[in-house]
Amino acid sequence: MSEAKKIETQEVEETVEAVSAEEKVYTEEDIKNQIKPLSENAFLRFFQKIWRWWLGLWYGFCDKYPKGSGIIYKVFFLVIFSQGVTIWQFIVMTFLPYAFAGMNTGSVGWPMIPIEAAGGKNFIIFGDEQGWGYFIAFELAVFSAQCINFPLQRNITYRSHGNPWFQAMWYFIGWVLVSVATNAIWGLCNAFLLHWGVHEVVNGLIKTVLTGGVSLVIFFFIFLVIFPDNNAMAKKSKAKYEKLKAANAPKEKLDAAEAKMLQWEKKAQLSNAESEFFKAKSQVNSKAMSYFAVLKAKEKAETDEQRELYAQKAEKSFASAVEAIKLKDEKEKVFNAVTAEK
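All of these numbers come straight from a predicted model, not from anything done at the bench.

Participant: Can you break down the nonpolar core residue by residue, with the values?
Facilitator: Counting residues in each nonpolar core, the largest one holds 18 residues, and the members touching the most others are M93, Y171, F219, F223, I226 and F227. When residues of this core are traced back to their parent elements, those giving at least two are α4 (66-95), α5 (132-157), α6 (164-195) and α7 (200-226). No other element matches α5, which puts 6 residues into this core. In this structure, F227 is in contact with F150, Q153, R154, Y158, S160 and Q167, ignoring residues within four places of it in sequence. With 12 residues, the next largest nonpolar core counts V284, A314, A321 and I325 among its residues.

Participant: How would you summarise the pairing of strand β2 (residues 121-128) if you had to cite specific residues and measurements?
Facilitator: Among the 8 residues that make up β2, 6 are buried, leaving the element largely enclosed by the rest of the structure. The sheet contact formed by strand β1 (residues 108-115) and β2 spans 7 bridges and is antiparallel. Looking across to β2, one finds that W110 is bridged to F126. Between β1 and the antiparallel strand that follows it, β2, lie 5 residues; G119 among them carries a positive phi value of about 70°.

Participant: Describe α6, with residues and values.
Facilitator: Counting along an α-helix, one turn takes 3.6 residues, and residues three or four places apart therefore face a common direction. For α6, built from 32 residues, the straight-helix expectation of 46 Å at 1.5 Å per residue is met to within 8% by its first-to-last C-alpha distance of 44 Å. By the N-cap criterion, in which a side-chain oxygen at the helix start approaches the backbone nitrogen of a residue two or three places on, α6 is capped by N163, the distance to W165 being 2.9 Å.

Participant: Could you give an account of the pattern of salt bridges, naming the residues involved and the relevant values?
Facilitator: Enumeration according to the criterion identifies 7 salt bridges in this entry. The partner of R307 in a salt bridge is D304, and the shortest N-O contact between them spans 2.6 Å. Placement of both R307 and D304 in helix α10 (residues 304-340) is noted, with a separation of 3 residues, approximately one turn of the helix. Residue class for R307 comes out partly exposed when judged on its relative accessible area of 34%. On the accessibility criterion, D304 (59% relative accessible area) is exposed. Across the pair E323 and K326 runs a salt bridge, and its minimum N-O distance is 3.9 Å. Here E323 pairs with K326, and both are found in helix α10, just 3 residues apart, close to one helical turn. Overall, the relative accessible area of 29% leaves K326 in the partly exposed class.

Participant: Describe the side chain of N230, with residues and values.
Facilitator: Within the secondary structure, N230 sits in helix α8 (residues 230-246). The residues contacting N230, other than those within four sequence positions of it, are H161, W264, K267, A268 and S271.

Participant: I'd like to hear about unusual backbone geometry, residue by residue, with values.
Facilitator: In this chain, W110 is followed by P111 through a cis amide linkage whose omega measures 5°. In this structure, P111 sits in strand β1. The phi dihedral of N248 falls on the positive side, at around 55°, and the residue is not glycine. Counting through the fold element by element, N248 comes out in the loop between α8 and α9 (251-299). Relative accessible area serves as the criterion here: at 68%, N248 is assigned to the exposed category.

Reading guide: rules and limits
- Residues numbered from 1 in each chain as written.
- Predicted model: local features only at pLDDT ≥ 70, side-chain atom pairs only at ≥ 80, totals over all residues.
- Heavy atoms only, no water.
- Core = buried A, V, L, I, M, F, W, Y, C linked by side-chain atoms within 4.5 Å.
- Buried < 20%, exposed > 50% of the residue type's maximum accessible area, 1.4 Å probe, protein only.
- Helix = DSSP H or I, 4+ residues; strand = E, 2+ residues; numbered from the N terminus.
- Contact = heavy atoms within 4.5 Å.
- Pairing = 2+ DSSP bridges.
- Expected span 1.5 Å × (residues − 1).
- Polar contact = N/O pair within 3.5 Å; in protein donor to acceptor, adjacent residues only side chain to side chain.
- Salt bridge = Lys/Arg side-chain N within 4 Å of Asp/Glu carboxyl O.

Rendered as structure tokens:
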């Protein structure tokens, strides 16, 4: 590890140790203050409770299975967001073509290859059998969907801290390539669907699902490039630096490798601090709610044996909530220290 990195890590650890060293007697009020206020609306309050319970359960699973939970998390949000924008794309495609109805004057585009099996309908990549209007409407629908998908995938699925403009540029290039591939597939399918007389709404649905599915698969690999795992990149760049150092590489190469290593280590530190802090916040909220749920059950106890049992549970739950508060405070200090140096 570089000297600058050692100093930086030491400063963060000293900050955490200083906070941990301050002993505090926690009360029931301290635990109550950790619970975020619920909505006054009964319907929203019901789902808020379920959501908070789920977060506590999920982060507990993350602690036990860090690698598996990381994969599940990314796959889940990748699919959810991708399918979500696919639904948006279908809604737009259901109505937008009417805005360009005047441009639907018949088969236009490239390469315009007739398919005998499809009744002479043309295979078209850039264009559409129905006219430019339908083609433009579809491209606008897809583009709007990707404008929604990009920030969701970047900020939630991959929690990337890379250059957003650089990532957006490569995302746009990827979208163009994906569009060419999906248009080629659709150009063949569309000819047969029109020949069979499939309704335009059903036609649009099939096109949306097809292009959405193909895009999901292709973008998965694009995301691995533009949203790399910071910890993996930090480890890789450090190994490269150590290798150059061991080989007595020229100073210029060594300095460049060290700068890159420090850059990735900084990104990894920020990602880890952010993830740990938000996880700790969710867990402390869950532990606090669990404690008051036990107290409520204790009040409803009918026998001395039940009251004694709930008293023991309350004691354990209280201790668990206090530990969660301490952990949250520690993670918050680390997160604030790291973000302040960003």
